[in-house]
Amino acid sequence: MAVPDNRQALLDAMHSTYDKLARDLARVPAGRAREATLEGHAAGTRMSVADLVAYLIGWQQRVLSWCEDRARGLPGDFPAPGYRWNELGRLARQFYADRAGQDYAALRRQLEQGHARLVALVEQGSDASLYGAPWYERYTQGRMIQLNTAAPYANARARLRRWLKAQGLGG
């Protein structure tokens, strides 16, 4: 898939990758969602499907926070308060821990709600506001949204499909 360079392409990428991921997440039996048998975000680690969903929710919330901060004229806290870009493994573990006690259905609802909020945010934007100028360092707002929504959705789906196949749940 080409990297989106306008509002409609970003919306298309967000919808397409999310819809495919959501269909695959629906195939995961709730009783298996907390098994740490899925390839982790750090080399040599394992996580659960629920952790994967928590990770995606964490990034959705970060993007929304960045956009809200910027809309208020604040610089935004990239990637997250207390974290640097070279500490994303530690941030991923925090995202897992933030939702460790939540059931799989609740996590899937939160992921859906976060996706809807991000789509609404992009729909309110224009090509100029999303892609007309750097927004964070050299990246446009649209590119930062894509890097933290559509791209991780696609990555998560690839991991999930490998897991589903390995678990005998199709793929």
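Numbering of residues starts from 1 in each chain and follows the order in which that chain's sequence is written. Local features in this predicted model are restricted to residues of pLDDT 70 or higher, and side-chain atom pairs are both shown and tallied only at a pLDDT of 80 or more, whereas totals for entire chains, interfaces and linings draw on every residue. Hydrogens and water are ignored here; the side-chain numbers use all heavy atoms of the structure.

*Asks:* Explain the overall build of the chain residue by residue, including any values.
*Replies:* Comment: elements are numbered from the N terminus, with helices defined as DSSP H or I runs of at least four residues and strands as E runs of at least two. In terms of regular secondary structure, the chain is built from seven helices and two strands. When the helices and strands of the chain are read in sequence order from the N terminus, they spell out α-β-β-α-α-α-α-α-α. Summarising its shape, the C-alpha atoms of the chain cover approximately 45 × 35 × 25 Å along the three principal directions. A sequence separation of at least 24 residues applies to 66% of the contacts in the chain between residues at least 6 apart. Accessible surface, the chain: about 8600 Å² in total, of which carbon and sulfur atoms supply 49%. Residues scored as positive are Lys and Arg, those scored as negative are Asp and Glu, and His as well as the terminal groups of each chain are ignored. Where a charge lies is defined by one atom per residue type: Lys uses NZ, Arg uses CZ, Asp uses CG and Glu uses CD. Side-chain charges of the chain comprise 24 positive and 17 negative groups, with the mean position of each set lying 5 Å from the other. Here a residue-residue contact requires only that any non-hydrogen atoms of the pair lie within 4.5 Å. In this description, accessible areas are obtained by the Shrake-Rupley approach with a 1.4 Å probe, and a residue is regarded as covered only by the protein chains that are shown.

*Asks:* Can you tell me about the pattern of salt bridges, naming the residues and giving the values?
*Replies:* For salt bridges, the criterion is a side-chain nitrogen of Lys or Arg within 4 Å of an Asp or Glu carboxyl oxygen. Scanning the entire structure with this criterion turns up 10 salt bridges. Between Arg32 and Glu35 there is a salt bridge, with the nearest N and O atoms lying 3.0 Å from each other. Accessible area is worked out with a 1.4 Å probe on protein chains only. A residue is then buried under 20% of its type maximum, exposed over 50%, and partly exposed in between. Residue Arg32 is classed as partly exposed on the basis of its relative accessible area, which comes to 22%. Exposure remark for Glu35: the relative accessible area of 28% places this residue in the partly exposed category.

*Asks:* Describe unusual backbone geometry, naming the residues involved and giving the relevant values.
*Replies:* The step from Phe78 to Pro79 runs through a cis peptide bond, and the omega angle for that step is -5°. Its location among the elements puts Pro79 in the loop between helix H2 (49-71) and helix H3 (88-98). In this structure, Glu137 takes a positive phi of about 50° despite not being glycine. By the secondary structure assignment, Glu137 is in the loop between helix H5 (127-131) and helix H6 (141-147). Relative accessible area serves as the criterion here: at 60%, Glu137 is assigned to the exposed category.

*Asks:* Describe the packing of H2 against helix H7 (residues 150-166), listing the residues and the values that go with them.
*Replies:* Helices that pack against each other are described as a pair by the angle of their axes relative to one another and the distance between those axes. Note on method: axes are straight lines fitted to C-alpha atoms, helices fitted across the in-contact stretch only, with angles between N-to-C directions ranging 0 to 180 degrees. Relative to each other, H2 and H7 sit at 180°, their axes nearing to 11 Å. As summarised for this structure, H2 and H7 are arranged roughly antiparallel, according to the angle between their axes. Residues Val49, Leu52, Leu56 and Gln60 of H2 form the contact with H7, whose participating residues are Pro152, Tyr153, Ala156, Arg159, Leu160 and Trp163. Its residues assigned to classes, the contact of H2 with H7 shows eight nonpolar, one polar and one charged. When an angle is under 35 degrees it counts as roughly parallel; over 145 it counts as roughly antiparallel; between 65 and 115 it counts as roughly perpendicular; any other value is oblique. In this count, Pro and Cys sit with the nonpolar residues alongside Ala, Val, Leu, Ile, Met, Phe, Trp and Tyr, while Asp, Glu, Lys and Arg are called charged and the others, Gly among them, polar.

*Asks:* Please provide a residue-by-residue account of helix H4 (residues 104-124), values included.
*Replies:* Between its first and last C-alpha atoms H4 spans 30 Å; for 21 residues at 1.5 Å apiece the expected length is 30 Å, and the two agree. Looking at H4, one finds that the buried residues are Tyr104, Ala106, Leu107, Leu111, Gly114, His115, Leu118, Val119 and Val122. Considering only its buried residues, H4 is in contact with helix H1 (7-26), H2, H5, H6 and H7. Here, expected helix span is obtained from the residue count minus one, scaled by 1.5 Å.

*Asks:* Please provide a residue-by-residue account of the environment of Ala92, values included.
*Replies:* Turning to its location among the elements, Ala92 is positioned in helix H3. The exposure class of Ala92 is buried, given its relative accessible area of 3%.

*Asks:* Tell me about the packing of aromatic side chains, and please be specific about residues and values.
*Replies:* Aromatic rings from Phe, Tyr and Trp, with only the six-membered ring used for Trp, were paired whenever their centres fell within 6.5 Å, and each pair was classed as stacked if the ring planes differed by under 30 degrees, edge-to-face if by over 60, and tilted otherwise. One pass over the full model with this rule turns up 10 aromatic pairs. Measuring from ring centre to ring centre gives 6.0 Å for Trp85 and Tyr136, while their planes differ by 50°; the resulting arrangement is tilted. One end of the pair, Trp85, is in the loop between H2 and H3; the other, Tyr136, is in the loop between H5 and H6, and 51 residues separate them in sequence. Exposure remark for Tyr136: the relative accessible area of 12% places this residue in the buried category. Connected via pairs of aromatic rings, a cluster forms that spans Tyr55, Trp59, Trp66, Phe78, Trp85, Phe95, Trp135 and Tyr136. Seen from the ring of Trp135, Arg70 lies directly overhead, with NZ or CZ sitting 5.0 Å from the centre. Any Lys NZ or Arg CZ found within 6 Å of a ring centre and within 35 degrees of that ring's normal is scored as a charge over the ring.

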